[in-house]
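Below are the chains, spelled out letter by letter.
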Amino acid sequence: MDSKTFTKKIIITIVVLMVITGGLVIVVDPFFHYHGPIGNLQPIQWVKEYQVNGALEHLDYDAVLVGSSVVMNMDNTILDDAYGCNSIKTVGSGANTDLLLYYINKAYENHDLRYVFYGIDIDALSGEYEENTTQDQVIYMKNNNPFDDVEYIYNRDVIFKYIPDMIIQSGKGWDRGMAYNFARYETFDADYTVNRYLEEFGDRIDYNKVKSNKPKEIAEDYKNNIGMIEDTVKSHPETQFIFFFPIRSVLYYDACYEKTEERYMVAEYVVDCLDKYDNVTFYKGIINDREHMTNLDNYCDWTHASYDYNCETARKLVPGSDVITVDTIREETETHREIVEEFEEKLRKEESYDFIR
């Protein structure tokens, strides 16, 4: 065989392999970039940065669970059973309001939403609103440029990890409520949680810290972001918006103790702005439960609660559960303040976090 023939066969072989490989990715499409799952494949959702955009465009749903990482461990099928809907998670790590509203608006492009379940993360309300945010997204999975799709269809992880995983998990049976759930990777234990907290904040802990005075008014970024949420609610009277405050441990409020009054002001402002709409319900959930805030065996750090706690929250977001209204929000923030200050007083006396382990 002469060199020209050999080279030609090599080139043809490479081209054929590339066509087969690219075709496999396009057909299976584990990130739903081109279409939803085909055949018996299920919409396995592990990697939000790559999958949320495609899921919103191509999956079948009539409701969304929206929020930052503090709602990722929530089982949205609990909400589906309660409301008779079919929801998907539209979440992002540290997701600011602009990202969450981008996801909601994208959902409306191709779907009629009956429900939006929205976990209000006060931290997520503080950032500057960016109309075309790219936060927590992989650009070539978001844009409509076919030329950079080579980064997807010839991606080694997609070919050797996510396609096999999609096939295997589909065979086992996919639980939609476990989408983007990271609890399975974490350790939920009081000692572990306190040690992580001390590693992060221990060098600046002041056991005698004094809470700052209540600001005269909340910052403009808070108002702007809440205003954008309010505009979305007003624009879609056909959709029922179910709002709630995700549970966080008492250590979270210890970490931001000097700013807790600002957070209470923001929480009150959110309810004041949204409670007046007929298509809004603000559920209490478990946000003011002392046991849920202080039992650190159900946290993997000072912020993120266990799957069980998130499921308990979901079960409190259904008709007949306790709600928060413009008339009761200040009572709720006062109860929350008492729990946090009780913890801070104990901390000042003990001068150690050992009592909460």
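Residues numbered from 1 in each chain as written. Predicted model: local features only at pLDDT ≥ 70, side-chain atom pairs only at ≥ 80, totals over all residues. Heavy atoms only, no water.

Peer 1: How should I be thinking about the overall build of the chain in this particular structure?
Peer 2: Tallying secondary structure elements over the chain gives 14 helices and five strands in all. Expressed as a percentage of contacts within the chain between residues at least 6 apart in sequence, the contacts between residues at least 24 apart total 81%. For the chain, the accessible surface area stands at approximately 16800 Å², while carbon and sulfur atoms represent 49% of it. For the chain, the separation between the mean place of its 35 positive charges and that of its 64 negative charges on side chains is 3 Å. (Helix = DSSP H or I, 4+ residues; strand = E, 2+ residues; numbered from the N terminus. Contact = heavy atoms within 4.5 Å. Areas by Shrake-Rupley, 256 points an atom, 1.4 Å probe, with all protein chains shown as cover. Lys, Arg positive; Asp, Glu negative; His and termini not counted. Charge placed at Lys NZ, Arg CZ, Asp CG, Glu CD.)

Peer 1: Is there a simple way to explain the packing of helix α9 (residues 220-235) against helix α11 (residues 260-274) in this structure?
Peer 2: Axis angle and axis distance: for two packed helices, these are the angle between their axes and the distance between the axes, and together they describe the pair. Between α9 and α11, the shortest axis-to-axis distance is 10 Å and the interhelical angle comes to 25 degrees. Our classification of the angle between α9 and α11 gives roughly parallel. Here the hand of the crossing between α9 and α11 comes out right-handed. Here Tyr-222, Lys-223, Ile-226, Ile-229, Glu-230 and Val-233 of α9 lie close against α11, whose contacting residues are Glu-262, Val-266, Tyr-269, Val-270, Cys-273 and Leu-274. (Axes fitted to C-alpha atoms, helices over the stretch in contact; angles between N-to-C directions. Parallel < 35°, antiparallel > 145°, perpendicular 65-115°, else oblique. Left-handed = near helix turned anticlockwise from the far one by under 90°.)

Peer 1: Mind showing me how you'd approach the packing of aromatic side chains here?
Peer 2: Pairs of aromatic rings are described using the distance from one ring centre to the other and the angle between the two planes. In total, this model carries 22 aromatic pairs according to the counting rule given. Geometrically, the ring pair formed by Tyr-115 and Phe-117 is stacked, given 5.8 Å between the ring centres and 15 degrees between the ring planes. Per residue, the accessibility class of Tyr-115 equals that of Phe-117, and both read buried. Note on Tyr-197 and Phe-201: the rings are 4.9 Å apart at their centroids and 50 degrees apart in plane angle, and the pair reads as tilted. Of this pair, Tyr-197 and Phe-201 are both found in helix α8 (residues 190-201), four residues apart, which corresponds to roughly one turn of the helix. (Phe/Tyr/Trp six-rings, centres within 6.5 Å; stacked < 30°, edge-to-face > 60°. Buried < 20%, exposed > 50% of the residue type's maximum accessible area, 1.4 Å probe, protein only.)

Peer 1: Looking at this structure, I do not really get the environment of Gly-84. What am I missing?
Peer 2: Mapping Gly-84 onto the fold places it in the loop between α3 (77-83) and β2 (87-91). Along the chain, Gly-84 and Ile-287 lie 203 residues apart, while their C-alpha atoms are 25 Å from each other. Once you skip the residues sitting within four places of it in the chain, Gly-84 turns out to touch Leu-79 and Arg-114.

Peer 1: Hey, could you run me through the side chain of Thr-313 in this one?
Peer 2: Turning to its location among the elements, Thr-313 is positioned in helix α13 (residues 307-315). Judged by relative accessible area, which is 3%, Thr-313 ranks as buried.

Peer 1: I'm lost on the pattern of salt bridges in this one. Help?
Peer 2: Opposite charge on two side chains permits them to pair, given that their charged atoms come into close proximity. Taken as a whole, this structure holds 23 salt bridges when the rule is applied. Here Glu-217 ties to Lys-223 by a salt bridge, and the two come within 3.5 Å at their closest N and O atoms. A salt bridge links Lys-284 to Glu-332; the nearest nitrogen and oxygen atoms lie 3.7 Å apart. One end of the pair, Lys-284, is in the loop between β5 (280-283) and α12 (290-294); the other, Glu-332, is in helix α14 (residues 329-350), and 48 residues separate them in sequence. (Salt bridge = Lys/Arg side-chain N within 4 Å of Asp/Glu carboxyl O.)

Peer 1: Please clarify how the pairing of strand β4 (residues 240-244) should be interpreted in this entry.
Peer 2: The side chains of a regular strand alternate, residue by residue, between the two faces of the sheet. The buried fraction of β4 amounts to four of the five residues, a majority that puts the element mostly inside the structure. Of the pairings in the sheet, the one linking strand β3 (residues 115-119) to β4 comprises five bridges and is parallel in character. Note that in β4 the partner of Val-116 across the bridge is Phe-241. Bridge analysis of β4 against β5 gives four bridges, and the strand direction is parallel. Counted as the bridge partner of Phe-243 is Phe-282 from β5. (Pairing = 2+ DSSP bridges.)

Peer 1: Help me understand the side chain of Asn-76, please; the structure alone is not making it clear to me.
Peer 2: With respect to the element layout, Asn-76 can be found in the loop between β1 (63-67) and α3. Looking at Asn-76, its side chain comes within polar contact range of the side chain of Ser-87, at 3.0 Å. Among all residues touching Asn-76, those that are not within four sequence positions of it are Leu-65, Ser-87, Ile-88, Lys-89, Arg-176 and Gly-177. (Polar contact = N/O pair within 3.5 Å; in protein donor to acceptor, adjacent residues only side chain to side chain.)

Peer 1: Any chance you could explain a negative patch on the surface here in plain terms?
Peer 2: Taken together, the side chains of Asp-289, Glu-291, Asp-308 and Glu-312 make up a negatively charged region of the molecular surface. Looking at where Asp-308 falls in the secondary structure, it is placed in helix α13. (Patch = residues over 30% accessible without salt bridge, like charges linked within 9 Å, V, L, I, M, F, W, Y side chains within 5 Å.)

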